[in-house]
Amino acid sequence: MDEIATRMAEAERVEEEGDYRKAARLYDRLGKDIQANHGRFDSRALTAFEGVARSIGKITA
C-alpha cells in the first residue's frame, strides 16, 4: 500500500472510531500534502477533502 492509501486508511479508521475532529485534521493534512506533491487538482485530494466535510458533518450532527 502506498503512503497516500495508508494515510487515507488511517483517517478512515479514526473516523470509524468516532474521533471526528482528529479524522478531519488527518484528511485535511493529507489533502494539502497531495496538492503540494501531485498538483491542486489531483482527484485523491478531493477525496481527502470530502473526508474533511463528512467528518465535520458528524461533529455537528
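That block above? That's the structure.
The present account deals with the structure reproduced in this document. Small disclaimer: the values here were computed from a predicted structure and weren't measured.

Each value, and the rule that gives it
Residue positions are counted from 1 within each chain, in the order its sequence is given. Reporting of local features is limited, given that this is a predicted model, to residues whose pLDDT is at least 70; pairs of side-chain atoms are given and counted only at 80 or more, and all residues count toward the totals for whole chains, interfaces and linings. As a convention, hydrogens and water are excluded, and side-chain values are obtained from all of the structure's heavy atoms. Only runs of H or I of at least four residues qualify as helices and only runs of E of at least two qualify as strands under DSSP, and these elements are numbered from the N terminus. Each helix should span, by expectation, one fewer than its residue count multiplied by 1.5 Å. Summary of the burial criterion: residues with accessible area below 20% of their type's maximum are buried, those above 50% are exposed, and those between are partly exposed, where the area comes from a 1.4 Å probe applied to protein chains only. The arc in question is formed by the directions pointing from the helix axis toward the C-beta atoms. Here a residue-residue contact requires only that any non-hydrogen atoms of the pair lie within 4.5 Å. Identification of polar contacts relies on pairs of N or O atoms within 3.5 Å, with a donor-acceptor requirement for protein atoms, meaning one able to donate a hydrogen and the other able to accept it, and with residues adjacent in sequence counted only if both atoms are side-chain atoms. For this analysis, a salt bridge means a side-chain nitrogen from Lys or Arg found within 4 Å of a carboxyl oxygen belonging to Asp or Glu. Definition used in this section: a nonpolar core is a set of buried Ala, Val, Leu, Ile, Met, Phe, Trp, Tyr and Cys residues joined via side-chain atoms within 4.5 Å.

**Quick notes on helix α3 (residues 43-60)**
So, step 1. With 18 residues, α3 extends 26 Å between its outermost C-alpha atoms, agreeing within 8% with the 26 Å of an ideal straight helix rising 1.5 Å per residue.
So, step 2. When α3 is considered as a whole, its buried residues turn out to be A45, A48, G51, V52 and S55. Looking straight down α3, one finds that the buried residues subtend no more than 110° of arc, so they occupy a single side. Those residues of α3 that are exposed and aimed more than 90 degrees away from the buried face are S43, L46 and T60.
So, step 3. On its buried side, α3 packs onto α1 (3-16) and α2 (20-38).
So, step 4. Its side-chain oxygen at 2.8 Å from the backbone nitrogen of R44, D42 defines the N-terminal cap of α3.

**Regarding the environment of E17**
So, step 1. With respect to the secondary-structure elements, E17 resides in the loop between α1 and α2.
So, step 2. Engagement of the side chain of E17 in a polar contact is seen with the side chain of R13, the distance being 2.5 Å.

**Looking at the pattern of salt bridges**
So, step 1. Under the counting rule described, the total for this entry stands at 9 salt bridges.
So, step 2. A salt bridge links R54 to E15; the shortest N-O distance between them is 2.8 Å. Of this pair, R54 sits in helix α3 while E15 sits in helix α1; the two residues are 39 residues apart in sequence, bridging distant segments of the chain.
So, step 3. Residue R54 is classed as partly exposed on the basis of its relative accessible area, which comes to 39%.
So, step 4. A salt bridge links D28 to K32; the shortest N-O distance between them is 3.0 Å. You can see D28 and its partner K32 sitting in helix α2, 4 residues apart, about one turn around the helix.
So, step 5. With relative accessibility at 25%, the residue D28 sits in the partly exposed group.

**A short note on the nonpolar core**
So, step 1. Counting residues in hydrophobic clusters, the biggest one holds 11 residues: I4, M8, A11, V14, A23, Y27, L30, I34, A45, A48 and V52.
So, step 2. Counting only elements with at least two residues in this core, the list comes to α1, α2 and α3.
So, step 3. Those residues in contact with V14, other than ones at most four positions away along the chain, are D19, K22, A23 and L26.

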